[in-house]
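Summary of structural features
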Amino acid sequence: ILAMLMLGGILVGVMTGFPLAIVIGGVALVAGFIVWGPQIGELLYVRAYGIMNSYPLLALPLFVFMGVMLERTGITERLYDVLYLWLGGFRGGLAIVTILIGTIMAACVGIITASVAMLSLVALPSMVERGYSKSLASGAICAGGTLGILIPPSIMLIIYGPMANISVGKLFFGAFVPGFLLSGLYCTYTVIR
């Protein structure tokens, strides 16, 4: 019953126009107060202090800074041009270059939105101009750009590690092979298609 009430509260809160983070936080506070009573304040304080006192979270602002620097300096656009010169002669080479740039951005930045936005601005116009179908072009951008959630250093893994009391290094080690395997499978699919 509580889960249904929370879902309804989120729906009503979103319909009123409040930002999603405030709505979810408010519904969680009300539900926590219903379940645990006044002890919810102490529980939130201990949990929030433990998370803020976590050493691995220090890396988050530095990854965001690195993403901004890659975007502002134009290094990724030049890297895209160089990879296009190498692989542009292959059939589907531009889509493969897009996936590879997404993989490189994922390994450097760890932020999905930065990778997808950069790839959309750089790769989409040139792929459409050269006759790629819009579905393949947008698929290559989404596939390459969303690898940032898996390939280390991933901001999601850095946040998840301290919250779940799991070593961030072990999470990185566990996500390394699947991330690059997905990148290789995306490139293989593009070549076959």
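Keep in mind that what you see is a predicted model, and the values were worked out from it rather than measured.

A word on the packing of aromatic side chains. Inspection of every chain in the model, using the stated rule, returns 1 aromatic pair. Residues Phe176 and Phe180 carry aromatic rings whose centres are separated by 4.9 Å and whose planes lie at 65 degrees to one another, so their mutual orientation is edge-to-face. Taken together, the residues span about one helical turn, with Phe176 and Phe180 both in helix H10 (residues 168-192) at a distance of 4 residues. Accessibility expressed as a relative area gives 34% for Phe180, which makes it partly exposed.

Right, let's get into helix H4 (residues 59-73). Across its 15 residues, H4 extends 21 Å between first and last C-alpha, which sits within 8% of the 21 Å expected from 1.5 Å per residue. All of the buried residues along H4 are Leu60, Phe63, Gly67 and Leu70. Along the axis of H4, the buried positions cluster into a sector of 90 degrees, meaning they face one direction only. Across from the buried face of H4, at angles greater than 90 degrees, the exposed residues are Pro61, Leu62, Phe65 and Arg72. With its phi angle positive at about 80 degrees, Gly74 sits one or two positions after the end of H4.

You can see Thr98 is positioned in helix H6 (residues 93-108). For Thr98, a relative accessible area of 0% puts it in the buried group. Not counting chain neighbours up to four residues away, the residues in contact with Thr98 comprise Tyr80, Leu119, Ala123, Met127, Ala140 and Ile141.

Here the focus is the packing of H4 against helix H9 (residues 155-164). The geometry of H4 relative to H9 is characterised by a closest axis approach of 10 Å and an angle of 175 degrees between their N-to-C directions. Between H4 and H9, the angle falls in the class roughly antiparallel. Where H4 approaches H9, its residues Ala59, Leu60, Phe63 and Val64 are matched on the opposing element by Ile155, Ile158 and Ile159. Per-class residue counts for the contact of H4 with H9 are 7 nonpolar, no polar and no charged.

Even without a glycine there, the phi angle at Asn165 is positive, about 55 degrees. A relative accessible area of 70% places Asn165 in the exposed class.

With that settled, the discussion passes to the packing of H6 against helix H7 (residues 112-129). Two numbers describe a pair of packed helices, the interaxial angle and the distance between the axes. The geometry of H6 relative to H7 is characterised by a closest axis approach of 11 Å and an angle of 165 degrees between their N-to-C directions. In this view, H6 runs roughly antiparallel relative to H7, as classed from their interaxial angle. Considering only the axes of H6 and H7, their crossing is right-handed. For the pair H6 and H7, the contacting residues are Leu94, Ala95, Thr98, Ile101, Gly102, Met105 and Ala106 in the first and Ser115, Met118, Leu119, Ala123, Ser126 and Met127 in the second. Of the residues assigned to the contact of H6 with H7, the class counts are 9 nonpolar, 4 polar and no charged.

As a further point, take the nonpolar core. Core analysis: the largest hydrophobic core is formed by 29 residues, its most contacted members being Tyr80, Ile101, Met105, Met118, Met127, Tyr132 and Ile158. Sorting the residues of this core by element identifies H4, helix H5 (75-87), H6, H7, helix H8 (134-145), H9 and H10 as the ones contributing at least two each. With 7 residues, the single largest contributor to this core is H6. Once residues lying within four places of it in the same chain are set aside, the contact partners of Tyr80 are Leu94, Val97, Thr98, Ile101, Val122, Ala123 and Ser126.

Reading guide: rules and limits
Residues numbered from 1 in each chain as written. Predicted model: local features only at pLDDT ≥ 70, side-chain atom pairs only at ≥ 80, totals over all residues. Heavy atoms only, no water. Phe/Tyr/Trp six-rings, centres within 6.5 Å; stacked < 30°, edge-to-face > 60°. Helix = DSSP H or I, 4+ residues; strand = E, 2+ residues; numbered from the N terminus. Buried < 20%, exposed > 50% of the residue type's maximum accessible area, 1.4 Å probe, protein only. Expected span 1.5 Å × (residues − 1). Arc of directions from axis to C-beta. Contact = heavy atoms within 4.5 Å. Axes fitted to C-alpha atoms, helices over the stretch in contact; angles between N-to-C directions. Parallel < 35°, antiparallel > 145°, perpendicular 65-115°, else oblique. Nonpolar A, V, L, I, M, F, W, Y, C, P; charged D, E, K, R; others polar. Left-handed = near helix turned anticlockwise from the far one by under 90°. Core = buried A, V, L, I, M, F, W, Y, C linked by side-chain atoms within 4.5 Å.

These figures come from the coordinates and say nothing about function on their own.
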